[in-house]
Amino acid sequence: MEKEHIGFEIRTLSNLLHRKINQMVAEEEESLTAHQLWVLSFLVRQGEREVVQRDIEKEFSIRRSTASHMLTLMENNGYVRRVPVPQDARLKRIILTEKGSEAQKRMVDRLRRFEHMLRGGITDEETEFFLDIVRRIGENIQ
């Protein structure tokens, strides 16, 4: 496959980012992965809003089985709790635990520094242009 293909370049970049972030997370939290950290950050951003597994599936464009497995691991490791939703016992609300909140807080500064490194030598305008292109590619796929 030629390197000029957008999909190839995105996949390569995604692998590099994933590997580096997993390494950073593992240095801080042995039982946490990058994807799980992003879920913790998503829960923090939601505040008091009720979050169920379907919200996580949609936010991260992942399958139900992937989300379920990840949340089970996170629950087993004490980062989240799943509790029944009163109006529909089939749904489980995802609640951030103290351990999950503390892990997410510890990683915020590391991720900010990583983001700063990623943007090195790239102007704000170039960053916005890049993000616009990435969003449009995502829309084209859907």
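A few points about the layout of surface pockets
Argument step 1. Taken as a whole, the largest pocket encloses approximately 2,000 Å³ of empty space.
Argument step 2. Lining the largest pocket are 35 residues, with Ser14, Leu17, Trp38, Phe130 and Val134 positioned closest to its centre.
Argument step 3. Secondary-structure elements contributing two or more residues to the lining of the largest pocket are helix H1 (6-28), helix H2 (34-46), helix H3 (53-60), helix H5 (98-118) and helix H6 (124-141).
Argument step 4. At ten residues, the largest contribution of residues to the lining of the largest pocket is made by H1.
Argument step 5. Considering only enclosed or pocket space, the second largest pocket measures out at about 180 Å³ in volume.

Section: the packing of aromatic side chains
Argument step 1. Applying the stated criterion across every chain yields a total of one aromatic pair.
Argument step 2. Arranged with centres 5.8 Å apart and planes meeting at 75°, the rings of Phe42 and Phe60 form a pair that is edge-to-face. Here Phe42, found in helix H2, pairs with Phe60, found in helix H3; they are 18 residues apart in sequence, far enough to count as distant.
Argument step 3. The partly exposed category is assigned to Phe60, whose relative accessible area is 24%.
Argument step 4. Directly above the aromatic system of Tyr79 lies the positively charged group of Lys99, at a separation of 4.8 Å from the ring centroid.

Some thoughts on the pattern of salt bridges
Argument step 1. Tallying each qualifying case throughout the model produces nine salt bridges.
Argument step 2. Between Asp55 and Arg49 there is a salt bridge; the shortest N-O distance is 3.4 Å.
Argument step 3. Across the pair Arg119 and Glu115 runs a salt bridge whose closest N-O atoms are separated by 2.8 Å.
Argument step 4. Looking at Arg119, the relative accessible area reads 34%, which means it is partly exposed.

Points about the pairing of strand S2 (residues 88-96)
Argument step 1. Direction of pairing for strand S1 (residues 80-85) relative to S2: antiparallel, over a ladder of six bridges. Following the sheet pairing, Arg81 is matched in S2 by Ile95.
Argument step 2. Counting the residues in the hairpin turn of S1 and S2 gives two residues.

Cut-offs and rules
- Residues numbered from 1 in each chain as written.
- Predicted model: local features only at pLDDT ≥ 70, side-chain atom pairs only at ≥ 80, totals over all residues.
- Heavy atoms only, no water.
- 1 Å grid on protein atoms, 1.4 Å probe; cavity = no way out; pocket = protein on both sides within 12 Å on 5 of 7 lines; lining within 4 Å.
- Points joined across faces, edges and corners; volume = space filled by probe spheres on them.
- Helix = DSSP H or I, 4+ residues; strand = E, 2+ residues; numbered from the N terminus.
- Phe/Tyr/Trp six-rings, centres within 6.5 Å; stacked < 30°, edge-to-face > 60°.
- Buried < 20%, exposed > 50% of the residue type's maximum accessible area, 1.4 Å probe, protein only.
- Lys NZ or Arg CZ within 6 Å of the ring centre and 35° of its normal.
- Salt bridge = Lys/Arg side-chain N within 4 Å of Asp/Glu carboxyl O.
- Pairing = 2+ DSSP bridges.

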